[in-house]
Amino acid sequence: MKRLPVVLPLLAALACVATTDQGRSASVQVSFATQAEAASPSRQPSFGAAQVGDTVIGGDTLKYTSVEIVLREVQLKRVETPACSPGGEDDPCEEFQTGPALVSLPLTPGAAQVFALDTVPPATYSEISFEVHKAEGTDSTDLAFLAAHPDFAGISIRIRGTFNGAAFEYTAELDVEQQLMLVPQLVVTRGISTNVTVFVDVAGW
């Protein structure tokens, strides 16, 4: 399976908060949300808000209790950069998170911060990208991740919930890159801390 059937659609939005940091770079917090009001306080995504909870399908009731995703290699693309090349030696994009990290999506209103990118150079960025990754112990970062999360060996996505009251667990073994447009574009300025919230429409899976 080469495409990611459950993580799409996504929407990246952002909000800015002033800080007292006067260094040469800035901090960007990357958060995840499953409810549209957390993704953007100023406007709602055009495809509507996610309603997390019971989903009725032809008389059957599906409910998610946890959604976990393994991510790595977070990148920010400058507006003047044609494309990013994850893992490339001459990649002009800003890469920050190289090791796998387990993301537990919030299934209630609000956003959960996942990464703090503390050395983002001042610039205007148009895209954020990351890899949904299945850790297999092929390098030191995978081995460190699996030591902390041994039940995620060979798994990149795990969903738990109930179907008509009966518990279920779904897992996927996908390795795929996700590229999201930043709306509006992310302007990183010295002395300003910014948050980027990735909205995951789990109600549309």
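In this text the structure is predicted, and so the values were computed from the model without any measurement.

What counts, and at which threshold
- Residues numbered from 1 in each chain as written.
- Predicted model: local features only at pLDDT ≥ 70, side-chain atom pairs only at ≥ 80, totals over all residues.
- Heavy atoms only, no water.
- Buried < 20%, exposed > 50% of the residue type's maximum accessible area, 1.4 Å probe, protein only.
- Helix = DSSP H or I, 4+ residues; strand = E, 2+ residues; numbered from the N terminus.
- Arc of directions from axis to C-beta.
- Contact = heavy atoms within 4.5 Å.
- pLDDT = per-residue confidence, 0-100.
- Core = buried A, V, L, I, M, F, W, Y, C linked by side-chain atoms within 4.5 Å.
- Polar contact = N/O pair within 3.5 Å; in protein donor to acceptor, adjacent residues only side chain to side chain.

A look at helix H2 (residues 140–148)
Among all positions of H2, only Asp142, Phe145 and Leu146 are buried. In an axial view of H2, the angular spread of the buried residues amounts to 95°, which keeps them on one side of the axis. Counted as exposed and oriented over 90 degrees from the buried face of H2: Ser140, Ala147 and Ala148. Those residues of H2 that are buried are in contact with strand E4 (60–78) and strand E6 (101–104).

Looking at the environment of glutamate 80
Position of glutamate 80 among the secondary structure elements: in the loop between E4 and strand E5 (94–97). The spacing of glutamate 80 and alanine 123 is 43 residues in sequence and 10.0 Å in space, taken between C-alpha atoms.

Overview of the confidence of the model for the chain
When pLDDT is averaged along the chain, the result is 76; 72% of the residues meet or exceed 70. Note that pLDDT drops below 50 for residues 1–22; the model gives that stretch 66 contacts with residues more than four away or on any other chain.

Looking at unusual backbone geometry
Going from valine 183 to proline 184, the amide bond is cis rather than trans, its omega being -5°. Checked against the element boundaries, proline 184 lands in strand E11 (residues 176–188). Backbone geometry places glutamate 73, a non-glycine residue, at a positive phi of 55°. For glutamate 73, the position within the fold is in strand E4. Phi angles above zero are rare outside glycine, and asparagine 164 is one such case at about 55°. Of note, asparagine 164 is situated in the loop between strand E9 (157–163) and strand E10 (166–172).

Regarding the nonpolar core
Grouped together as the largest cluster of nonpolar side chains are 37 residues, with contacts concentrated most on Phe32, Leu76 and Leu117. Among the elements of the structure, strand E2 (26–33), E4, E6, strand E7 (111–120), strand E8 (123–132), E9, E11 and strand E12 (192–200) are those that each provide at least two residues to this core. Tallying contributions element by element places E4 first for this core, with 7 residues. Sequence-distant contacts of leucine 76, defined by excluding residues within four places in its chain, comprise Cys93, Glu94, Phe96, Leu117, Val120, Tyr125, Glu127, Ile128, Leu182 and Leu186. Within the second largest apolar cluster, 6 residues are counted, among which are Val70, Ala135, Leu146 and Phe152.

Regarding the side chain of glutamate 68
Relative to the assigned elements, glutamate 68 resides in strand E4. Side chain to side chain, glutamate 68 and arginine 158 meet in a polar contact 2.8 Å long. Here glutamate 68 is in contact with Leu102, Val103, Ser104, Phe152, Ser156, Ile157 and Arg158, once residues within four sequence places are set aside.

Some details on the environment of threonine 65
One can find threonine 65 in strand E4. The spatial distance from the C-alpha of threonine 65 to the C-alpha of threonine 162 is 7.6 Å, given a sequence separation of 97 residues. Residues within four places of threonine 65 in sequence aside, it is in contact with Leu107, Arg160 and Gly161.

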